[in-house]
Amino acid sequence: MELEYSPIPERAVRRLEGFPTAHRQDIEDDVNRFRYVTSRRADNDGEVEVLHGVEMTHHFVQAPGESETIGWHYVGAGKGEPVVLLHGIPDSWYLWHHQIAALSKTHRVIAVDLKGYGQSEKRPGDYRHEGVAQQLLALLDVIGIDSFNLVTHDRGTVQGDWLAATQPDRVLRYCRGEQHLYYFNPILAPQENLLKGGGSPIAMDPVRLVVSGYRWLCVRPVPDEDIQRTIQEYSYPEVAQAVMRYFNSSTFRKEWVDRRTHLLNVWTCPILILQGFHSRTQPREWYENAQQYIPNAKEVKVYYIDAGHFWPLENPKETTESIRDFLNL
């Protein structure tokens, strides 16, 4: 039986007016203001960056994948039970810098640049989310991570869904963030058409992509330094081309069908559904009964952060507290 798209709540429909193509002068002004930003100098293996008074170490690792090896970049800090952080588009490990600083006081934190992003591998290959999830697992094997907590946001959540499904003995807890779950309507995923094939002007323009995404989807201000760093991380050579491969390798519909027909039923670890209360593209009404859709998980909680889509940067304090409370179950 073919699944039917979910009707969008009237409240959410009103918030979609003009999204994401209407001209906004504030966005044009910010695009011009950040136009000077380019990529950072590449980091070196073992190089330490201090943020919020915490030493965060850059690591570069080769791990098995696609009959050869895949080069990964991740940032690590702290000791203890591992927490693996996965970002989405247009972000990098840096999306989580507030959470790395706080959580590393009690846990070993690993914030990965997903394949194709930041300073990780960008060669052509398998960019299906289920395929990259297995490649991520190979990375964790190489760096000695057996069981781990998983925290995800946006497109990283699609890969997290596969990790939670295929590695029930290794994923201790799954904090699943800002991604469609049981309900879906393609009107809420315009980025698929904007970015697929790379034909849209926004696809190859890191400044416009980051500024437009943050201005359309945030309800709390994100500091200029965080927007600048996000642009820098997305501006490394070949990032834009590599990220487009995800959108050419699958569809939002397929992801939704996979969840409805398979993934939701096989998640078994405790799960926290973390969403922005004011998210424009994922109506909070769709998550209120999440426990019903994940029948075999040990526990399912839903928490709404007072923010829009990019809550790790919009409201870092509440984001960190919600994750920390979940890790201390």
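Our subject is the structure listed above.
Residues numbered from 1 in each chain as written. Predicted model: local features only at pLDDT ≥ 70, side-chain atom pairs only at ≥ 80, totals over all residues. Heavy atoms only, no water.

**Q** Quick rundown of the state of the cysteines? Include the residues and the values.
**A** For the structure shown, the criterion picks out zero disulfides. Of all cysteine sulfurs in the structure, the one in cysteine 269 sits closest to cysteine 175, which takes part in no disulfide; the separation is 11 Å. The structure places no disulfide on cysteine 218, whose sulfur is separated from the nearest cysteine sulfur, that of cysteine 175, by 18 Å. Given the relative accessible area of 15%, cysteine 218 is considered buried. (Disulfide = S-S within 2.5 Å. Buried < 20%, exposed > 50% of the residue type's maximum accessible area, 1.4 Å probe, protein only.)

**Q** Give a detailed account of the sheet that holds strand E4 (residues 82–86), specifying residues and quantitative values.
**A** In space, the nine strands of this open sheet follow the order E1-E2-E3-E5-E4-E6-E7-E8-E9, with mixed pairing throughout. Bordering the open sheet on either side are strand E1 (48–51) and strand E9 (300–305), each of which pairs with just one other strand. Taking the axes of each pair of neighbouring strands and ignoring which way they run, one obtains an average angle of 25° across the sheet. Sheet analysis places strand E2 (residues 54–65) next to strand E3 (residues 68–77), joined by nine bridges and oriented antiparallel. Bridging across to E3, histidine 59 finds its partner in tyrosine 74. (Pairing = 2+ DSSP bridges. Helix = DSSP H or I, 4+ residues; strand = E, 2+ residues; numbered from the N terminus. Axes fitted to C-alpha atoms, helices over the stretch in contact; angles between N-to-C directions.)

**Q** An account of unusual backbone geometry is requested, with residue identities and associated values reported.
**A** Following phenylalanine 19, the chain continues to proline 20 via a peptide bond in cis, the omega torsion being -5°. Mapping proline 20 onto the fold places it in the loop between helix H1 (10–15) and helix H2 (25–33). In this chain, isoleucine 89 is followed by proline 90 through a cis amide linkage whose omega measures 10°. Structurally, the position occupied by proline 90 is in the loop between E4 and helix H3 (97–103). Look at glutamate 66: it is not a glycine, yet its phi comes out positive at around 55°. Tracing the backbone shows glutamate 66 in the loop between E2 and E3. One non-glycine residue with positive phi stands out, namely glutamate 178, at about 50°. With respect to the secondary-structure elements, glutamate 178 resides in the loop between strand E7 (171–177) and helix H6 (191–195).

**Q** How would you summarise the nonpolar core if you had to cite specific residues and measurements?
**A** The biggest cluster of nonpolar side chains holds 108 residues, and the ones touching the most others in it are Met56, Ile100, Val112, Tyr214, Tyr234, Trp267 and Ile294. When sequence neighbours within four positions are dropped, the list of residues in contact with isoleucine 294 reads Leu181, Leu264, Trp267, Ile271, Ile273 and Val300. (Core = buried A, V, L, I, M, F, W, Y, C linked by side-chain atoms within 4.5 Å. Contact = heavy atoms within 4.5 Å.)

Distances and angles like these do not, on their own, reveal function.
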